[in-house]
Amino acid sequence: MSLYDDAVLVLKEYEDQDGLRRSYLDHLAAHPDGMWKSCTAGHLTASALVIDPARGRVLLTLHRKLRMWLQMGGHCEPGDATVRAAALREATEESGIAGLALLPGGPVRLDRHPIPAPCNWHFDVQYAVLAPPDAVHAISDESLDLRWYAYDEVAGVADESVVRLLEATRARL
C-alpha cells in the first residue's frame, strides 16, 4: 500500500472532526501529489505530541523557523510506509528520544493551518507518543530548544492548536 493510500484509509477511519476530515480527503482526491511538500496547493504533514503521563508533562520544540513552541512534526518522506510511521519518525528525530511509542488507535486530531507561499496549507495529521520513563531528549537542527512543560503550562507558551492536541491526547489516555 502506498503512503497516499494509507493516508486516505486513515482519514476514512478517523471518526472525529468530520468536516475537516472530509476537506483532507477532498484535497487528496484533487491532488494525487498531496502527500508531498512539492504540492503547492498544500500537503499532508504528520506530527506527534511527546507526552509523559506519569509526570504530567509534554515535550515541546521551539521551532527554528516559526519561533513557536510546537509538537514534533513535519513533512512525509518517500521512505515512510504509513502516516503513523511518519509521525513517529518526526517525533524521534526532533526529540532525540529513543523508544517512543505511539498511542494506540488512529490520529488524535487533525489541524489544517496556513503556511507561507508557495505551499499555502499544511494538512496535519496529529498523533501522540509516549516517552519512556528514562527519556533523554536532544535538540535537533530543526529546533532552537526542547523543553518539558507541565500540562497546565502549555496554554501559556503554545498556540491553541497545541492546547487542543494536548486536551485530545489526555482524553484518549
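See the structure above.
Being a predicted model, the structure only gives us computed values, none of them experimental.

A short note on the side chain of Arg89
Following the sequence through the fold, Arg89 ends up in helix H3 (residues 83-95). Reaching out from Arg89, the side chain makes a polar contact with the backbone oxygen of His75 at a distance of 3.0 Å. Beyond its immediate sequence surroundings of up to four residues, Arg89 is in contact with His75, Cys76, Glu77 and Asp80.

Thoughts on the side chain of Arg109
With respect to the helices and strands, Arg109 occurs in strand E6 (residues 109-114). Setting aside residues no more than four positions away along its own chain, Arg109 makes contact with Tyr14, Gln17, Asp124, Val125, Gln126, Arg164, Leu165 and Ala168.

Topic: the packing of helix H1 (residues 3-13) against helix H2 (residues 18-30)
In contact at an axis separation of 10 Å, H1 and H2 are set at 155 degrees when each is read in the N-to-C sense. Here H2 runs roughly antiparallel to H1, going by the angle between their axes. Relative to H2, the crossing made by H1 is left-handed. Between H1 and H2, the contacting residues are Tyr4, Ala7, Val8, Leu11 and Lys12 on the first element and Arg21, Tyr24, Leu25, Leu28 and Ala29 on the second. A class-by-class count of the residues in the contact of H1 with H2 yields eight nonpolar, no polar and two charged.

About the thresholds
- Residue positions are given per chain, counting from 1 as you read along its sequence in written order.
- The predicted nature of this model means local features are confined to residues of pLDDT at least 70 and side-chain atom pairs, given and counted, to a pLDDT of 80 or more, with totals for whole chains, interfaces and linings taken over all residues.
- Computation of side-chain values covers all heavy atoms of the structure but excludes hydrogens and water.
- Strands are runs of DSSP state E lasting at least 2 residues, helices are runs of H or I lasting at least 4, and numbering of each runs from the N terminus.
- In the analysis that follows, any N or O atom pair within 3.5 Å is treated as a polar contact, provided that within protein one partner can donate a hydrogen and the other can accept it, and provided that, for residues neighboring in sequence, both atoms belong to side chains.
- Any pair of residues with heavy atoms lying within 4.5 Å of one another is described as a contacting pair.
- The axes used here are C-alpha line fits, helices contributing only the stretch in contact, and every angle between their N-to-C directions lies in the interval 0 to 180 degrees.
- Angular relationships are summarised with four words: roughly parallel below 35 degrees, roughly antiparallel beyond 145, roughly perpendicular across 65 to 115, and oblique for the angles in between.
- We call a crossing left-handed when the near helix sits turned anticlockwise from the far one by less than a right angle, and right-handed when that turn is clockwise.
- Amino acids are sorted into nonpolar (Ala, Val, Leu, Ile, Met, Phe, Trp, Tyr, Cys and Pro), charged (Asp, Glu, Lys and Arg) and polar (every other residue, Gly among them).

Read these as spatial facts, not as claims about activity.
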